[in-house]
Each structure stands twice: as structure tokens, then as C-alpha cells.
Amino acid sequence: MELLRLCGGTVVSSARTARIVIGSSSPLSPNGRRPPLVVSEKWILDSITKLTQLNPYDYIVGDSEP
């Protein structure tokens, strides 16, 4: 998490309040829907490696909504 912060990212304490969730799945939001974006860990690694935020839509996993 410290690396994310050092690169300008924000880490929240609950996936339910996140705009982007990293991982293979995520909990349902309070209204019963998944968060807008669930992306693979590779998105973070690739973005750090290329020193720019890559398009997260290229890294969507599962049935995340675009």
C-alpha cells in the first residue's frame, strides 16, 4: 500500500467506498451492485513500471461494469 501512496494513489479502508478495486472479485456495494471497476493487480504493476496511469478498462476482471 505504501508504494501506491508514493505513486500518488489513494488507499481506502473499505472496498465498498473505492472507485477501483484491485483483485479478482469485490464485495457488493450497499445498493447491492459491484463497484464500477474491478481490475487485476497487473494494472498497478504495469502503471508503476511505465510511470503513468494506464487505462484501467484494459485490465477489467470478472463481471465488473465498464
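Throughout this description, residue numbers start from 1 for each chain and increase along the sequence as written. Note on the predicted model: pLDDT of at least 70 is required for a residue's local features to be given, and 80 or more for side-chain atom pairs to be given and counted; whole-chain, interface and lining totals, by contrast, use all residues. Hydrogens and water are ignored here; the side-chain numbers use all heavy atoms of the structure.

## Observations regarding the overall build of the protein chain
Inference 1: Counting its regular elements, the protein chain contains two helices and two strands.
Inference 2: The way it works is that DSSP assigns letters per residue, a run of H or I at least four long becomes a helix, a run of E at least two long becomes a strand, and they are numbered from the N terminus. Along the protein chain, helices (α) and strands (β) appear in the sequence α-β-β-α when read from the amino end.
Inference 3: Buried, partly exposed and exposed residues are distinguished by accessible area as a fraction of the type maximum, computed with a 1.4 Å probe on protein chains only: under 20%, between the cut-offs, and over 50%, respectively. By the burial criterion, 29% of the 66 residues in the protein chain qualify as buried.
Inference 4: In the protein chain, of all internal contacts separated by at least 6 residues, the share reaching a separation of at least 24 is 18%.
Inference 5: For the area figures, the Shrake-Rupley method with a 1.4 Å probe applies, and any residue is considered shielded solely by the protein chains shown. When the accessible surface of the protein chain is totalled, it reaches about 4,800 Å², and 55% of it is carbon and sulfur. Two residues form a contact once any of their heavy atoms are found within 4.5 Å.

## Here we look at the side chain of D46
Inference 1: Within the element layout of this structure, D46 appears in helix α2 (residues 41-50).
Inference 2: Residues within four places of D46 in sequence aside, it is in contact with L54 and Y59.

## Brief notes about the side chain of S47
Inference 1: Mapped onto the fold, S47 is located in helix α2.
Inference 2: Judged by its relative accessible area of 11%, S47 falls in the buried class.
Inference 3: Apart from the residues within four sequence positions on either side, S47 is in contact with T52, Q53 and L54.

## A look at α2
Inference 1: Looking only at α2, the buried set comprises W43, I44, D46 and S47.
Inference 2: Each element contacted by the buried residues of α2 is listed here: α1 (2-6), β1 (20-22) and β2 (37-39).

## Some details on unusual backbone geometry
Inference 1: For L51, which is not glycine, the phi torsion reads 60° and is therefore positive.
Inference 2: Considering the arrangement of structural elements, one finds L51 in the segment after α2.

## Section: the pattern of salt bridges
Inference 1: Salt bridges are identified by distance alone: a Lys or Arg side-chain nitrogen within 4 Å of an Asp or Glu carboxyl oxygen. As enumerated under the stated definition, the model contains one salt bridge in all.
Inference 2: The salt bridge involving D46 is made with K42; its shortest N-O contact spans 2.9 Å. Of the two residues, D46 and K42 both sit in helix α2, four residues apart, roughly one turn of that helix.

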